[in-house]
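So you can see what is in the structure, the chains are spelled out below.
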Amino acid sequence: MRPMNSDVSKDTENARTPLPIDELSWTADELGEGYQQATIPLGPDPEGEGENIAVLVKAGDDAATGKPALLWVHGMSDYFFQTHVAEHFTAEDYPFYAVDLHKCGRAHREGQRWHHTNDMATYFDELTKVTNLIAEKHGAVIPLAHSTGGLIVPLWLDHIRRNDPETHHHVAGIVLNSPWVDMQVPEWQMKVLRPVVKLGAKLAPNLKLPVSGESTYGESIYKGLHGHWDFDTEKKRLGGHDKYVGWLNAVLQGQETLHSDDTDAAVPTLTLCSTHSYLGKPYSPAADTADTVLDVEQIQHWAPQLTTAGHVTRPIPGALHDVFLSQPHARYLAFNATDEWLNSLDSAKATNSES
């Protein structure tokens, strides 16, 4: 894996929080009864925007059940609000957590640009911290990584595979929910775009990009418009948050790293996505049954190449960009596919322990 930022590749002991998870300062979460949150300090922001934190959310009493804990990792301009996902998996005896990454959702602080980074590797430290915290209690962790989270998590897993095998050992697998593994434009455009963005990131990393292109998706899911889901529209703006050249360069570099032959998440992987995309168009009813953010053909092409430890791709007819926010039948198919895959991991673990 090509180095992304040597400043974040420090002694792995710095990435471990010594306080056990049950001794963190848990407080009531905005999601209401049954949800609590704890702040994880991360230190100074690499972009000079104050002190960074991550916020860990837990559902229920998080008692150890003998099953791996699930860790929701959100997407771009996003945060964790999908309580129905937590309720589904806790009913299946999977302890459930979610992390709002630094500058995102609950972890955003005044004066910070929402979800901004100039290097995807800046997220590695907090992922390692929360994984070790959760694994100390539950033994193993399975991230459920959505969209940009689905870009960050495989990069992190490849990094810890090489540099922190103890943490990597705690990860039993990953579920990728419409991962952002490629830019949703033709390759000939990318050949022009990459060098321009790379130069722009050197000369003017804080230059704001003119468009975000997320409003169709936001309109399709928000209950105040055409959707069925309620969420904080400041934490998750319908049209997305402002984005900058340095951030776009970080995305392109991260995707280029994922595409390299020597990148390997090295854990069993399930990828969920829609069967078709509806891109670059204003809202219409067609947006209610398609991925309006990413190219699903790109997802299906690149996702199987992210790991050597076994990969399953499950396209979901009628699914949205977040497959778990889809209309009922597609949502049922997404949950069913995930349940089957998780059960296969449990069965394989039991078989291995008996042999």
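Residues numbered from 1 in each chain as written. Predicted model: local features only at pLDDT ≥ 70, side-chain atom pairs only at ≥ 80, totals over all residues. Heavy atoms only, no water.

Asks: Would you mind going over the side chain of H115 with me for this structure?
Replies: If you trace the backbone, H115 turns up in the loop between β5 (96-100) and α2 (124-138). A polar side-chain atom of H115 sits 3.3 Å from the main-chain amide nitrogen of S77. For H115, the residues in contact, after removing those within four places along its chain, are H74, G75, M76, S77, D78, K103, C104, Y123, T148 and W247. (Helix = DSSP H or I, 4+ residues; strand = E, 2+ residues; numbered from the N terminus. Polar contact = N/O pair within 3.5 Å; in protein donor to acceptor, adjacent residues only side chain to side chain. Contact = heavy atoms within 4.5 Å.)

Asks: Is there a simple way to think about the sheet that holds β5 in this case?
Replies: One key point about sheets: their strands pair by backbone hydrogen bonds, in either a parallel or an antiparallel sense. Here 9 strands make up an open sheet; going across it, the order is β1-β2-β3-β5-β4-β6-β7-β8-β9 and the pairing mixed. The open sheet is flanked by β1 (27-28) and β9 (311-316), the only strands paired with a single partner. Pairing geometry for strand β2 (residues 35-44) and strand β3 (residues 51-59), over 9 bridges, is antiparallel. Bridged to P41 within β3 is I53. Each of β2, β3, β4 (69-73), β5 and β6 (141-146) touches helix α1 (residues 83-91); the most contacted strand, β5, lies at about 150° to it. (Pairing = 2+ DSSP bridges. Axes fitted to C-alpha atoms, helices over the stretch in contact; angles between N-to-C directions.)

Asks: Would you mind showing me how to read α1 here?
Replies: At 3.6 residues per turn, the α-helix brings residues three or four places apart onto the same side. Among all positions of α1, only H84, V85, A86 and F89 are buried. With its phi angle positive at about 75°, D93 sits one or two positions after the end of α1. (Buried < 20%, exposed > 50% of the residue type's maximum accessible area, 1.4 Å probe, protein only.)

Asks: What is the right way to read the environment of V251 from this model?
Replies: Along the chain, V251 falls in helix α7 (residues 245-259). Look at V251 and you get buried, because its relative accessible area is 0%. Residues V251 and T148, 103 residues apart in the sequence, show an inter-C-alpha distance of 8.5 Å. Sequence-distant contacts of V251, defined by excluding residues within four places in its chain, comprise M120, L151, W180 and M183.

Asks: Mind showing me how you'd approach the pairing of β2 here?
Replies: Every regular strand shows the same layout, with side chains that alternate between the two sheet faces. Pairing between β1 and β2: 2 bridges, direction antiparallel. Paired with T27 across the two strands is Q37, which belongs to β2. Linkage of β1 to β2, two consecutive antiparallel strands, is achieved through a turn of 6 residues, within which G32 is found at a positive phi near 100°. Connecting the antiparallel pair β2 and β3 is a turn made up of 6 residues, with G48 showing a positive phi of about 75°.

Asks: Where do I start with the environment of P41 in this structure?
Replies: Along the chain, P41 falls in strand β2. Judged by its relative accessible area of 57%, P41 falls in the exposed class. In sequence terms P41 and V171 are 130 residues apart; their C-alpha atoms lie 22 Å from each other. Beyond its immediate stretch of four places on either side in the chain, P41 contacts N52, I53 and K129.

Asks: I keep staring at the packing of helix α5 (residues 187-203) against α7 and nothing clicks. Help me out?
Replies: Packed helix pairs are characterised by how far apart their axes lie and by the angle those axes make with each other. Contact geometry of α5 with α7 gives a least axis separation of 9 Å together with a crossing angle of 130°. Taken together, the axes of α5 and α7 lie oblique to each other. The interaxial crossing formed by α5 with α7 has left-handed handedness. Where α5 approaches α7, its residues M190, L193, R194, V197, K198, G200 and A201 are matched on the opposing element by V245, G246, L248, N249 and L252. Residues belonging to the contact of α5 with α7 are distributed by class as follows: 7 nonpolar, 3 polar and 2 charged. (Parallel < 35°, antiparallel > 145°, perpendicular 65-115°, else oblique. Left-handed = near helix turned anticlockwise from the far one by under 90°. Nonpolar A, V, L, I, M, F, W, Y, C, P; charged D, E, K, R; others polar.)

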